[in-house]
Amino acid sequence: MAVPRVLILRAPGTNCDEETAFAFEAAGAVTERVHVNRLIENPKLAEDFQVLCLPGGFSYGDDIAAGRILASQLDRNLGDMVRQFCDQDRLVLGICNGFQVLMRLGVLTSGVRETQPATLTWNDHGRFEDRWVHLSVDETPCVFLKGIDQMYLPIAHAEGKFVTADAEALKAFGDAGRLALRYTTADAGQTSDEVLPFPSNPNGSEANVAGICDATGRLFGLMPHPERHIDPTHHPQWTRRTEQPQWGEGFAIFKNAVDYFGE
Ligand SMILES: NC(=O)CC[C@H](N)C(=O)O
């Protein structure tokens, strides 16, 4: 099986890059954490990688809007590199702040209309929300979610509310299976378009959206942090369980990415 090489992009304020590298390596990938300035000096560096991952954090202090400055920097300086990564048979993953960057770049929402069809904005209650959430997976082409029905993962964000320009845009995403990951209740197995009340839906996202993918399923962004639930002991109730699973519930996302290159 081919071992994919994962480029984990660092920028001032990134704070989840080491955990994300650990998760990918546990799943069998080779990783390199590369600062955005190194990539701007030499964009050809990216040619050695099959997966581009934008990890979580507070890039450029979330100034202007979370992800805005890093997205502009990538667009202006590395636009060709990012487009090539998205167009070829490679994978792109954005986790939390990385998801915000991908949304500002527009790579996850392309194909729906000319003008920007969706964004991430402030949580309804206007605060940073840091806790665990229940998630369910839609019928989706998303490579990273293959074989996953449910997950229990932590969130830690202030600007995670998914909104679309109008109902037509939301429907277009939904019909294509692009509203891939949703917040749900502790007992629900299904995804739902009806907005669930807080705390099940932590930020007021339309259709309870926690993550979306592009039309091919190769590009994916999510607000929860799968890299923070890799070991079973990351689960907040792990000491009460009689048996431990081999991996935490976020691990399958990284494993799916690695397995994609072995198929
Ligand atoms: N955990 C993160 O990546 C944080 C995302 C972003 N800084 C926010 O607060 O919305």
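Under an unreviewed UniProt entry, the protein has the name Phosphoribosylformylglycinamidine synthase and belongs to Rosistilla carotiformis.

A few words on the sheet that holds strand E11 (residues 219-222). Strand order in this open sheet of nine strands is E2-E1-E3-E4-E11-E10-E9-E6-E7, and the pairing throughout is mixed. Across the chains shown, the open sheet's two edge strands, defined by having one partner strand only, are strand E2 (30-35) and strand E7 (150-157). Neighbouring strand axes in the sheet, compared pairwise and without regard to direction, differ in orientation by 25° on average. Taken together, the four bridges between strand E6 (residues 129-137) and strand E9 (residues 181-184) define a ladder with antiparallel strand orientation. Each residue of the ladder has a partner; that of His134, found in E9, is Thr184. Its contacts with the sheet place helix H3 (residues 68-87) against strand E1 (5-10), strand E3 (51-54), strand E4 (91-95) and E11, and it is angled at close to 135° to E3. Sheet strands touched by helix H4 (residues 97-105): E3, E4, strand E10 (209-213) and E11. Its angle to E4, the strand with the most contacts, is close to 120°.

Let's shift gears to the packing of H3 against H4. Where H3 meets H4, the closest approach of the two axes is 9 Å, and the angle between their N-to-C directions is 65°. Crossing hand, H3 versus H4: right-handed. Counted together, Arg68, Leu70, Ala71, Leu74, Asp75 and Val82 of H3 and Val101, Arg104 and Leu105 of H4 form the full contact between these two elements. Its residues placed into classes, the contact of H3 with H4 shows six nonpolar, no polar and three charged.

The rules behind the values
- Residues numbered from 1 in each chain as written.
- Predicted model: local features only at pLDDT ≥ 70, side-chain atom pairs only at ≥ 80, totals over all residues.
- Heavy atoms only, no water.
- Pairing = 2+ DSSP bridges.
- Helix = DSSP H or I, 4+ residues; strand = E, 2+ residues; numbered from the N terminus.
- Axes fitted to C-alpha atoms, helices over the stretch in contact; angles between N-to-C directions.
- Contact = heavy atoms within 4.5 Å.
- Left-handed = near helix turned anticlockwise from the far one by under 90°.
- Nonpolar A, V, L, I, M, F, W, Y, C, P; charged D, E, K, R; others polar.

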